[in-house]
Each structure stands twice: as C-alpha cells, then as structure tokens.
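# Observations on chain architecture
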Amino acid sequence: MAIRARRYADAKAQASTNTELLWWVFMRVSGVVMVFLVLGHILMNFVLIDVNTINYQYVAGRLSNTTWKIYDWLILVLAMLHGMNGLRYVMDDWIRDPSRRFVTKAVVYSLAVLVTVVGSFSLLNHDFSKDLSQNTPTQGTMTKP
Amino acid sequence: MYRGREGQWAFFLHRISGLALLLWLFIHTLNIASAMWGPAVSNRLMAFFHVPIFQIGLLLVTAAAMYHSFNGLRIILMDFTGWGVRYQRQLWYGVLGLCVLLAIPGLILTVPRILHAASHGGGQ
Ligand code: HEM
C-alpha cells in the first residue's frame, strides 16, 4: 500500500515494507532534484527560445552534446521512476478489481520500459553526426573504412 | 478529507498535474527520439506538434510542471519540518502565487510567438 503519511516518522511507521519506505524517500529526493532539472529544461527549450524554430537540426545538435545527454537522461530516468511510482499509487487508489488492476499495471509498466529504452537509445546510443555533417562538415569524422 | 477544502484541491491538482506530466513525458520522449529515424521523419512529427492547439497544450504542461514542482516542495516541507503542516494553507497560497508570478513573464514571452506561428499556418 502507498504511504499516506505527512512526516518521515509517520511514513516509517506506516510503511508496509522497506521497499515502500524507500519509494517514499525516493519521491522526495527525485522531486527536489527535478525542480531544477525540469524547470531549467523548460526555460532553455520553451521560454528562452521560440519552440516553433525547433527542428531536426536543433534536436540532433542537443542529442549529440555530452552535457545534454547526461542532463536529459537524468530527467528521463528520474521522471520515469517518479512518475510511474506515482501512477502506481493512483492505480492502487482508483482500480478496485484486482485482476483489472494487474492487467492495467502490466500494460502500463511495459509501455514505460519501451519508452525508456527508445529514449535512452536516442540519447546514448545513436550517432547523429552523419546527418548533421551535411550542414556543418566536420573534418575526418565518419569516414567509412 | 482531513485537511479541509484547500488541502483537497491541493491534492487533486497535484495528482492531475503529475499524471499530465507523465503522459507528456511519454509523448515527448518518443517525439524527440524520432530524430533517430532522420530529418524527414523528425521534422514531419515536429511540424505536427507545432500546430497552435498543441502549443496551448504546451502552456498547460508548463503550468502543470510549475504547480507540481512548487507543491511538491510544499509537501516535502510538511513532511520534514515541524511547522510545515501548521502553515500548509498559507504555503499553498504561496505555491499558487509563485506560479502566477512566473506565468506572467512566461506568457509575455511565449504567447506572441504562438500567435505569430498561428497566423503563418503553424510551425517551421
Ligand atoms: C519537478 C519536480 C517534482 C517534484 C518536487 C515532485 C514532487 C512530488 C511529491 C512530493 C509527490 C508525493 C509523493 C507521495 O505521495 O509520497 C509526487 C507525486 C507524484 N508525482 Fe511528482 N514531483 C516532481 C516532478 C514530477 C514529474 C516530472 C512527474 C511525471 C513524470 C511527476 C509525477 C507524479 C505523480 C504521478 C505523482 C503521484 C500523485 C498522487 O499520488 O496523487 N512528478 N511528486
């Protein structure tokens, strides 16, 4: 069961398992970190620049930059874990029938894994330099053997 | 519920904004990751999301992020300080105030661009 405490001491008393208490702590720690990561991300990509100018060139450039790879991947992983655990609280609350709850969770968790894998590949395991180099030639890179 | 009127609204808005952000995380991740399939696919999808109605949606997602962030900090203050629960109502008005305060310059910057794009038939 999700914890409904308003203090750490209450949370500890109410936690059915150690794992549940760990999630309770994780929701708060990841939350504090994400305030800066998420609001900073929105500021950089929506408020300070015109979203209408965002195109492939902009995205591929960002996805090729090590700083943004780390920054964006941190958001992806923290928000996915935090959001999915939050959704687990909501599903436990709203879906009464155990078998329907089980099926819903199975579908939702599978989707989450899929999106996380696809997102991680785009950030960590894809070389964008080939398409980018059409406009900004880089010397000596991407030469086929 | 036990924390009365404001507490109930604070909780409901926190839940809805959290779910909205999660839905956005899914769509946004797939949209950005589509760059792996090259400029043609990526730019088509991006042009689709630059339609004005989605930009209004983007404003709502931003509002959800601000509310959920600041109210999350309020929850954390209530959990870890001796005085947080006592002032939870005042803190909630602080959260709403901060959202409105930040929304004003944000809207001044973003709304003209959205209107401009709308009058030029969408993005790109
Ligand atoms: C940006 C900073 C954020 C902060 C400070 C924050 C903080 C919190 C806190 C303190 C909780 C309550 C956890 C509990 O009841 O034990 C929570 C719940 C939740 N959060 Fe966040 N969060 C943030 C970002 C996000 C993001 C990006 C998402 C979506 C991907 C998200 C989705 C949720 C959901 C779905 C819940 C469950 C709501 C409920 O149980 O009613 N949060 N958040």
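Everything numeric in this text was worked out from a predicted model, so none of it was measured.

### Considering the site of the ligand
Lining the immediate environment of the ligand, one finds 22 residues, of which Arg 28 and His 82 of chain A together with Arg 15, His 68 and Ser 69 of chain B sit closest. Mapping the residues near the ligand onto chains gives chains A and B. Here His 68 of chain B contributes a side-chain N or O atom positioned 2.8 Å from a nitrogen atom of the ligand. Those elements that place two or more of their residues in the shell around the ligand are helix H2 (18-47) and helix H4 (66-94) of chain A together with helix H1 (4-33) and helix H3 (52-80) of chain B.

### Brief notes about the side chain of Thr 110 of chain B
Locating Thr 110 of chain B in the fold gives a position in helix H4 (residues 88-119). Residue Thr 110 of chain B is classed as buried on the basis of its relative accessible area, which comes to 2%. A distance of 2.8 Å separates a polar atom in the side chain of Thr 110 of chain B from the backbone oxygen of Gly 106 of chain B. Residues within four places of Thr 110 of chain B in sequence aside, it is in contact with Phe 46 and Val 47 of chain A together with Leu 59 of chain B.

### Here's the deal with the nonpolar core
Ranked by internal contacts, the top residues of the largest apolar core, which has 36 residues, are Met 80, Met 84 and Phe 128 of chain A together with Phe 26 of chain B. Of all the elements in the fold, those that place two or more residues in this core are H2, helix H3 (56-63), H4 and helix H5 (98-124) of chain A together with H1 and H3 of chain B. The biggest single contributor to this core is H4 of chain A, with nine residues. Dropping the residues within four chain positions of it, Phe 26 of chain B is found in contact with Met 80, Met 84, Leu 111, Ala 112 and Val 115 of chain A.

### Re the UniProt feature "transmembrane region" (unreviewed entry) in chain A
Residue and element names in this part refer to chain A. Within this numbering scheme, the UniProt entry marks residues 21-43, 70-90 and 102-124 as carrying the feature "transmembrane region" (unreviewed entry). End-to-end, the C-alpha atoms of residues 70-90 are 30 Å apart, and along that stretch the chain is 100% helix and 0% strand. Secondary structure across residues 102-124 comprises 100% helix and 0% strand; the distance between its end C-alpha atoms is 32 Å.

### Overview of the UniProt feature "transmembrane region" (unreviewed entry) in chain B
Residues and elements named next belong to chain B. With numbering matched to this structure, UniProt assigns "transmembrane region" (unreviewed entry) to residues 12-33, 45-70 and 91-115. Taken end to end, residues 12-33 has its terminal C-alpha atoms 32 Å apart, with 100% of it in helix and 0% in strand. The span residues 91-115 is 100% helical and 0% strand by assignment, and the distance between its end C-alpha atoms comes to 35 Å.

### Considering the coordination of the iron atom of the ligand
Here the iron atom of the ligand is held by the protein donor atoms His 82 of chain A (NE2) and His 68 of chain B (NE2), which lie 2.0 Å from it. Around the iron atom of the ligand, the six donor atoms sit at angles spanning 86 to 180°, and that spread fits a shape best called octahedral. With one member in each of two chains, His 82 of chain A in helix H4 and His 68 of chain B in helix H3 form a pair that bridges those chains. Here His 82 of chain A and His 68 of chain B have matching classes, each one buried.

### Some remarks on the layout of surface pockets
Computed from the structure, the second largest pocket encloses a volume of approximately 430 Å³. Taken together, 18 residues line the second largest pocket, and the ones lying closest to its centre are Thr 62, Met 66, Leu 102, Ala 103 and Gly 106 of chain B. Within the residue set of the lining of the second largest pocket, elements represented by two or more residues are H2 of chain A together with H3 and H4 of chain B. With nine residues, H4 of chain B is the largest single contributor of residues to the lining of the second largest pocket. Of the residues contributing to the lining of the second largest pocket, the split by class is 15 nonpolar, three polar and no charged.

### Section: the interface of chain A and chain B
Size of an interface: often given as the accessible area lost when the parts come together. With 45 residues of chain A at the interface, the matching set in chain B holds 44 residues. In this assembly, chain A packs against chain B so that about 3,800 Å² is buried in total across both faces, 71% of it on carbon and sulfur atoms. Here chain A is connected to chain B by two salt bridges. The tally of links from chain A across to chain B stands at eight residue pairs in polar contact (both at pLDDT 80 or more). Contributions of two or more residues to the side of chain A that touches chain B are made by H2, H3, H4 and H5 of chain A. The greatest single-element share of the side of chain A that touches chain B, amounting to 11 residues, is contributed by H4 of chain A.

Rules used in this analysis
- Residues numbered from 1 in each chain as written.
- Chains lettered and ligands numbered in written order.
- Predicted model: local features only at pLDDT ≥ 70, side-chain atom pairs only at ≥ 80, totals over all residues.
- Heavy atoms only, no water.
- Near = heavy atom within 4 Å.
- Polar contact = N/O pair within 3.5 Å; in protein donor to acceptor, adjacent residues only side chain to side chain.
- Helix = DSSP H or I, 4+ residues; strand = E, 2+ residues; numbered from the N terminus.
- Buried < 20%, exposed > 50% of the residue type's maximum accessible area, 1.4 Å probe, protein only.
- Contact = heavy atoms within 4.5 Å.
- Core = buried A, V, L, I, M, F, W, Y, C linked by side-chain atoms within 4.5 Å.
- UniProt positions renumbered as here; feature names shortened; annotations may be inferred.
- Donors = N, O, S within 2.8 Å, 3.2 Å for Na, K, Ca; no water.
- Tetrahedral: all angles 85-135°; square planar, octahedral: opposite > 155°, others 65-115°.
- 1 Å grid on protein atoms, 1.4 Å probe; cavity = no way out; pocket = protein on both sides within 12 Å on 5 of 7 lines; lining within 4 Å.
- Points joined across faces, edges and corners; volume = space filled by probe spheres on them.
- Nonpolar A, V, L, I, M, F, W, Y, C, P; charged D, E, K, R; others polar.
- Buried area = accessible area lost by both parts, 1.4 Å probe.
- Salt bridge = Lys/Arg side-chain N within 4 Å of Asp/Glu carboxyl O.

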